[in-house]
Amino acid sequence: RDLIAESSPTGSRALQRLRILDMLFCDKEGDEGELTRRRKVVFDRFLKSALLRSVQEPKIDEDVKELLVFIFNQSAGPPQEEKNARSSYQTEFDAVMKECSGFMEDLYGGEFDRLLKEDPNFSALMNLPTKNTKVPNIKELNNGRFT
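Residues numbered from 1 in each chain as written. Predicted model: local features only at pLDDT ≥ 70, side-chain atom pairs only at ≥ 80, totals over all residues. Heavy atoms only, no water.

J.: Would you mind going over the nonpolar core in detail, with residue names and values included?
T.: Membership of the largest hydrophobic core comes to 19 residues, with the highest contact counts inside it found for F43, L47, L51, I71, V96 and C100. If you list the elements that add at least two residues to this core, you get α2 (20-25), α3 (32-56), α4 (62-75) and α5 (90-118). Of the residues forming this core, the biggest block, seven residues, is contributed by α3. Excluding residues that lie within four positions of it along the chain, L51 makes contacts with L68, F72, V96, M97 and C100. (Core = buried A, V, L, I, M, F, W, Y, C linked by side-chain atoms within 4.5 Å. Buried < 20%, exposed > 50% of the residue type's maximum accessible area, 1.4 Å probe, protein only. Helix = DSSP H or I, 4+ residues; strand = E, 2+ residues; numbered from the N terminus. Contact = heavy atoms within 4.5 Å.)

In structure tokens form, the structure reads like this:
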């Protein structure tokens, strides 16, 4: 079932409809203890396994990739958040990121070493054209959330 589209009167699949920031950070959704518990649940039940699987099986569907990136970014908290939003599970988060890094090293480390020998200054990489966007400052976008 496509719960994102079903919740929309127009059938929109916009991930912003999930309101992850509100669910995890808005004080109207619960006290700090409840919000912290929710953030840990999102990490334990989704992010941890999804992050590991994304590097173990690099070919994932674009929809799944988009969802993973969206929830990963949202779980870090709103841009104006001053405290570490992942502090309640930081040690576990760091361990997962280290494990992901290890998988990436296993997959691409040899190729990286080969490229480094061929182009030690990364001049080919540095000369790639930049991606243009129609949004002047992507960090200023928001979706009308409470947080």
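The structure having been displayed, the exposition proceeds.
J.: With reference to specific residues and values, describe the environment of L18.
T.: Mapped onto the elements of the fold, L18 is located in the loop between α1 (3-6) and α2. The exposure class of L18 is partly exposed, given its relative accessible area of 30%. Linking L18 and I71, residues 53 residues apart in sequence, is a C-alpha distance of 9.3 Å.

J.: How would you summarise the pattern of salt bridges if you had to cite specific residues and measurements?
T.: As enumerated under the stated definition, the model contains 11 salt bridges in all. A salt bridge links K83 to E32, with the nearest nitrogen and oxygen atoms 2.8 Å apart. With K83 in the loop between α4 and α5 and E32 in helix α3, this pair connects stretches of sequence that are 51 residues apart. Of the charged contacts, one joins E34 and R38 as a salt bridge, the two residues approaching to 3.0 Å between their closest N and O atoms. Taken together, the residues span about one helical turn, with E34 and R38 both in helix α3 at a distance of four residues. (Salt bridge = Lys/Arg side-chain N within 4 Å of Asp/Glu carboxyl O.)

J.: For the side chain of S75, give the residues involved together with the corresponding values.
T.: As for its position among the elements, S75 is in helix α4. From its side chain, S75 meets the backbone oxygen of F72 in a polar contact 2.8 Å long. Those residues within four positions of S75 in sequence are excluded, and the remaining contacts are L24, F25, L47, A85, R86 and Y89. (Polar contact = N/O pair within 3.5 Å; in protein donor to acceptor, adjacent residues only side chain to side chain.)

J.: Hey, could you go over α5 for me, with residue numbers and the actual values?
T.: For α5, the principal kink sits at Y108 and spans about 60 degrees. All of the buried residues along α5 are F93, V96, C100 and G109. The elements touched by buried residues of α5 are α3 and α4. (Bend = angle between axes of the 7 residues up to and from the residue.)

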